[in-house]
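Structure assessment
In case you want the letters, here they are:
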Amino acid sequence: MLRVICAIIECNEEVLIAQRSEKMLLPLKWEFPGGKVEVGESDHDCIIREIKEELNLDITVLAQLTPVTHHYDTFSLELIPFVCHANTQAFEKTEHAQVLWVNPKELIKYDWAEADIPIVEEYALPSGNYEL
């Protein structure tokens, strides 16, 4: 099973979302950016590294949400979401078809990868109480 970290990046009351490219698994589905944990790497270090590599964006990790285990037809993954903060909305798109800053209320309008749907639902809850 793949262990993957994703970042719900907040800045100026918006959230960053990314659309997978046509060449990726799950083409054109929307996701929170992130990637696979490397051997010996902590989840925290992984998300900082992945966001820097994919978007050239520096983030601060604020909290972890509930991990999701999902089984696709050809692979399974454990997706660990972190709520993060960016001091700027400037990024460099390197891998995805699109990367957008959106109002959190609009998240449900996008065609999400199945594993990300429970994360969207948890994040969209009005409580806003995140704990590490």
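As a reminder, the structure under discussion sits directly above these lines.
Keep in mind the model is a prediction, meaning the values are calculated, not measured.

Cut-offs and rules
- Sequence order sets the numbering: in each chain, residues are counted from 1 along the sequence as written.
- Only residues with pLDDT of at least 70 are given local features in this predicted model, and only at 80 or more are side-chain atom pairs given and counted; all residues enter the totals for whole chains, interfaces and linings.
- In computing side-chain properties, one takes all heavy atoms of the structure into account and sets aside hydrogens as well as water.
- Only runs of H or I of at least four residues qualify as helices and only runs of E of at least two qualify as strands under DSSP, and these elements are numbered from the N terminus.
- Our radius of gyration is a C-alpha quantity, and the globule rule it is checked against amounts to 2.2 Å times the number of residues to the power 0.38.
- Accessible area is worked out with a 1.4 Å probe on protein chains only. A residue is then buried under 20% of its type maximum, exposed over 50%, and partly exposed in between.
- Two rings belonging to Phe, Tyr or Trp (six-membered ring only in the last case) form a pair when the distance between their centres is within 6.5 Å. Interplanar angles under 30 degrees mark stacking, angles over 60 mark edge-to-face geometry, and anything in between is tilted.
- Note on definitions: salt bridges are taken to be side-chain nitrogens of Lys or Arg within 4 Å of carboxyl oxygens of Asp or Glu.

Take the overall build of the chain next. Counting its secondary structure elements, the chain contains 2 helices and 8 strands. Walking the chain from its N terminus toward its C terminus, one meets helices and strands in the order β-β-β-β-α-β-β-β-β-α. Since a compact globule built from 132 residues should have a radius of gyration of about 14 Å, the 14 Å found for the chain is in line with a globular shape. Dimensions of the chain, computed from the C-alpha atoms along their principal axes, are close to 35 × 35 × 30 Å. In the chain, which comprises 132 residues, the proportion classed as buried is 45%.

Tallied over the full model, the rule gives 3 aromatic pairs. Considering the side-chain rings of W30 and Y110, the 5.0 Å spacing of their centres and the 65 degrees angle between planes classify their relative orientation as edge-to-face. Here W30 is found in strand β3 (residues 30–31), whereas its partner Y110 is found in the loop between β8 (98–102) and α2 (117–123), with 80 residues between them in sequence. Residue classification places W30 among the buried positions, given a relative accessible area of 6%.

The subject of this paragraph is the pattern of salt bridges. Considering all chains together, one arrives at 9 salt bridges under this definition. Of the charged contacts in the structure, one is a salt bridge between R3 and E78, with a shortest N-O distance of 2.9 Å. A residue pair is termed long-range when its members are at least 10 positions apart, and R3 in strand β1 (residues 2–11) and E78 in strand β7 (residues 76–86) qualify at 75 residues. Residue R49 pairs with E50 through a salt bridge whose shortest N-O separation is 3.2 Å. By relative accessible area, R49 is classed as buried at 17%. With relative accessibility at 9%, the residue E50 sits in the buried group. The structure contains a network of salt bridges with shared partners spanning E38, E41, R49, E50 and E53.

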